[in-house]
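Remarks on the overall topology
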Amino acid sequence: MNSIGVFGLGVMGANLALNMAKKGEKVAVYNYTPDLTDAFQAKHQNENLEAYYDLQYFIHSLEKPRKIFLMVTAGTVVDSVMASLMPLLDQGDIIMDGGNSNFVDSNRRSGYLKEKGLHFISVGVSGGEEGALNGPSLMPSGDKEAYQQVAPILEKIAAQVDGKPCCSYLGKEGSGHYVKMVHNGIEYADMQLITESYQFLRERLGLNVNEIAAVFAEWNKGELNSYLMEITADILTHVDEETNQPMVDVILDQSGQKGTGKWTSQNALDIGVSLSIITESVFMRFLSTVKEERMIAEQKLTGPNQLVEEVDKKAWIELVRQALFMGKVSTYAQGFYQYKQASEQYHWDLQLDEIALIFRGGCIIRAAILNEISKAFKENKELPNLFLSPYFKAILNNYQASMRKVVMKGMETGLALPCLSASLVYYDGYRSAKSGANMIQAQRDYFGAHTYQRVDKEGHFHTEW
Ligand code: 6PG
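Report follows, based on the coordinates. Here the residue index of a chain counts from 1 through its sequence in written order. Reporting of local features is limited, given that this is a predicted model, to residues whose pLDDT is at least 70; pairs of side-chain atoms are given and counted only at 80 or more, and all residues count toward the totals for whole chains, interfaces and linings. The basis for every side-chain value is the complete set of heavy atoms in the structure, and neither hydrogens nor water enter the calculation.

A closer look at helix H1 (residues 11–22)
Worth spelling out the cut-off: Runs of E in the DSSP output that reach at least two residues are strands. Runs of H or I that reach at least four are helices, and both are numbered from the N terminus. Each residue after the first adds 1.5 Å to the expected span of a helix. Only protein chains enter the accessibility calculation, which uses a 1.4 Å probe; a residue is then buried when its area is under 20% of its type maximum, exposed when over 50%, and partly exposed in between.
End to end, H1 covers 16 Å across 12 residues, agreeing with the expected 16 Å (1.5 Å per residue, within 8%). Buried residues dominate H1, accounting for 9 of its 12 residues. Of the residues making up H1, those classed as buried are Gly 13, Ala 14, Asn 15, Leu 16, Ala 17, Leu 18, Asn 19, Met 20 and Ala 21. The positive-phi residue at the C-terminal boundary of H1 is Gly 24, with phi of around 95°.

Below is the structure:
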């Protein structure tokens, strides 16, 4: 009998199946269309792998309670695959969904399977093809007892950091997919922040790609150490064989997206948290797509577009490094604030220190900073915002002046730095005991009699303006 079945043999599903087989699991694999099963069989011979062309045989080859890992396109496909499996399953069987599913769908699926006496486990999977094969970061949620049945497999195939698997039970329902969604939002912002730093170094300080590759490789040795920093340094060393230009220069500056960043921002609006940095990164992807309009606008709209002259480049590189790190801290502060609020509103009991730990290996946002984030939330479970932890507070107090210089120089020279700017705006907004909202309240009351509260007494008041 097989211990687990993998349904869906695209690159991610195939690599997860191989990973499980490598770790000693007996794995049955199945794909909806036979072409991928043929290709999988032709490529991979392993005594722990059994490919099936018939869904019934695939299901019957599994030990009970059956464990089926779906790696299919997120959306309606998950529902139709689940519908095809239902008549073949028995009470207590477990379906895991490893796609980038929307957590609202996962909540619904979790409730639906429960009614049928089956279990649903949401599994956020990060790390791309390589991670799936050698150790992804896994974010499982759902029924806890059911999780315990699949935990030995999931924890074995996950990336390991300091002897700890980058996989742990996160909470009820679709909270695993929620955690993955915000992970992706953080990924978008992190990528945009690195991009803005790259643009500043190249277009304002006049460094060439090789020099920037060296700067990024150097930064990657310190507190900015991360997978995204590492791959960006590497990207900059690649040359296009056809044109002999840096590879990055021959790639069209229009960004794609599959929607998880947008969902993160949509959810922030739903639950009422400030998520300006991630949201700016989503907006910048949208703005990037209107290439033709941008080319016309460049001819028609004035503004500076110049190098920063007569500067101490070395000193400016350090200012940019500090600004980038502050942007990264701010992104995590907002992302983890969103986790905290979601956990309260959806009654999930998310453990923020644990989430930071499982992001340390295997996933796209793995970074040295996650150790400190985990520590901050472990030391103080009630920490309202990462900004207030002793470690990050000291860094922000040190780096905020550099951030101001970089953002102001960007504005002065006409370089848009949306995520760096949003980080600074958030920082200044968060550290202001007095916001401008008293004026907003006065305006609301003036035109709509919406009432306001006073600083000196209890109650709700209205003025005949
Ligand atoms: C991961 C990634 C992955 C995501 C891609 C592409 O953690 O492995 O987040 O899940 O799908 O990075 O995302 P976009 O196409 O939206 O950029």
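Some words on the nonpolar core
We apply this condition: What is meant by a nonpolar core is a set of buried Ala, Val, Leu, Ile, Met, Phe, Trp, Tyr and Cys residues, joined one to another through side-chain atoms within 4.5 Å. By convention here, the domain bounds are inherited from an automatic or database domain assignment. Two residues form a contact once any of their heavy atoms are found within 4.5 Å.
Formed by 85 residues in total, the largest nonpolar core has its most connected members in Leu 201, Phe 216, Trp 219, Phe 336, Tyr 339, Phe 359 and Ile 373. Formed jointly, this core draws a minimum of three residues from each of two domains, domain 1 (4–173) and domain 2 (183–430). Apart from residues lying up to four places away in sequence, Phe 216 is in contact with Ile 194, Tyr 198, Leu 201, Met 229, Thr 232, Ala 233 and Leu 236. Ranked by size, the runner-up nonpolar core spans 31 residues in total, among them Leu 16, Val 27, Ala 132 and Ile 157.

A word on the packing of helix H8 (residues 175–204) against helix H9 (residues 209–219)
What counts is decided by this rule: Axes here mean lines fitted to C-alpha atoms, for a helix over just the part in contact, with angles spanning 0 to 180 degrees between N-to-C directions. Here roughly perpendicular refers to angles of 65 to 115 degrees, roughly parallel to angles under 35, roughly antiparallel to angles over 145, and oblique to all remaining angles. Crossings are classed by handedness, with left-handed meaning an anticlockwise turn of the near helix from the far one by less than a right angle and right-handed meaning a clockwise turn. Any residue outside Ala, Val, Leu, Ile, Met, Phe, Trp, Tyr, Cys, Pro, Asp, Glu, Lys and Arg is labelled polar, Gly included; the first ten of those are nonpolar and the last four are charged.
It is at 10 Å that the axes of H8 and H9 come closest, and there the two elements cross at 135°. Considering their axes alone, H8 and H9 lie oblique with respect to each other. Considering only the axes of H8 and H9, their crossing is right-handed. Contacts from Ile 194, Ser 197, Tyr 198, Leu 201 and Arg 202 in H8 reach Val 209, Ile 212, Val 215, Phe 216 and Trp 219 in H9. Its residues assigned to classes, the contact of H8 with H9 comprises 8 nonpolar, 1 polar and 1 charged.

Examining the site of the ligand
For clarity, the cut-off: Here a residue counts as near a molecule or strand whenever at least one of its heavy atoms sits within 4 Å of it. Polar contact is the term for a pair of N or O atoms within 3.5 Å; when the atoms are in protein, one must be able to donate a hydrogen and the other to accept it, and sequence-neighboring residues count only if both atoms are side-chain atoms. Every accessible area reported is derived by Shrake-Rupley at a probe size of 1.4 Å, with residue values counting cover from the shown protein chains alone.
As a matter of local geometry, the ligand sits amid 13 residues, with Ser 126, Lys 180, Glu 187, Tyr 188 and Arg 285 nearest to it. Take Ser 126: an N or O atom from its side chain is 2.4 Å from an oxygen atom of the ligand. Contact between the ligand and Lys 180: an oxygen atom at 2.7 Å from a side-chain N or O atom of the residue. For the ligand, whose free accessible area comes to 410 Å², the fraction covered by protein is 79%. By residue number, the principal contributor to the shell around the ligand is H8, which donates 5 residues. The two domains that each donate at least three residues to the shell around the ligand are domain 1 (4–173) and domain 2 (183–430).

Quick notes on the environment of Gly 414
Relative to the assigned elements, Gly 414 resides in the loop between helix H18 (390–412) and helix H19 (418–430). Sequence separation between Gly 414 and Gly 10 is 404 residues, and the spatial gap between their C-alpha atoms is 44 Å. Residues in contact with Gly 414, not counting those within four places in the same chain, are Arg 204 and Pro 304.

Concerning the packing of aromatic side chains
Two aromatic rings are characterised by how far apart their centres lie and by the angle between their planes. Worth spelling out the cut-off: Stacked, tilted and edge-to-face pairs are distinguished by plane angle, under 30 degrees for stacked and over 60 for edge-to-face with tilted covering the rest, among Phe, Tyr and Trp rings (Trp via its six-membered ring) whose centres lie within 6.5 Å. Lysine and arginine charges are scored as sitting over a ring when NZ or CZ, respectively, is within 6 Å of the ring centre and within 35 degrees of the ring normal.
Under the definition given, this model contains 25 aromatic pairs. Ring plane angle 70° and centroid distance 5.9 Å describe the contact between Phe 387 and Tyr 427, whose orientation is recorded as edge-to-face. Placement of the pair is Phe 387 in the loop between helix H17 (369–379) and H18 and Tyr 427 in helix H19, with a sequence separation of 40 residues. A relative accessible area of 4% means that Phe 387 is categorised as buried. A residue is classified by how much of its surface remains accessible, and Tyr 427, at 9% relative accessible area, is buried. Every member of this aromatic cluster is reached through a ring pair, and the members are Phe 103, Tyr 178, Tyr 332, Phe 336, Tyr 339, Tyr 346, Trp 348 and Phe 377. Positioned above the aromatic ring of Tyr 227 is the side chain of Arg 366, whose terminal nitrogen or guanidinium carbon lies 4.1 Å from the ring centre.

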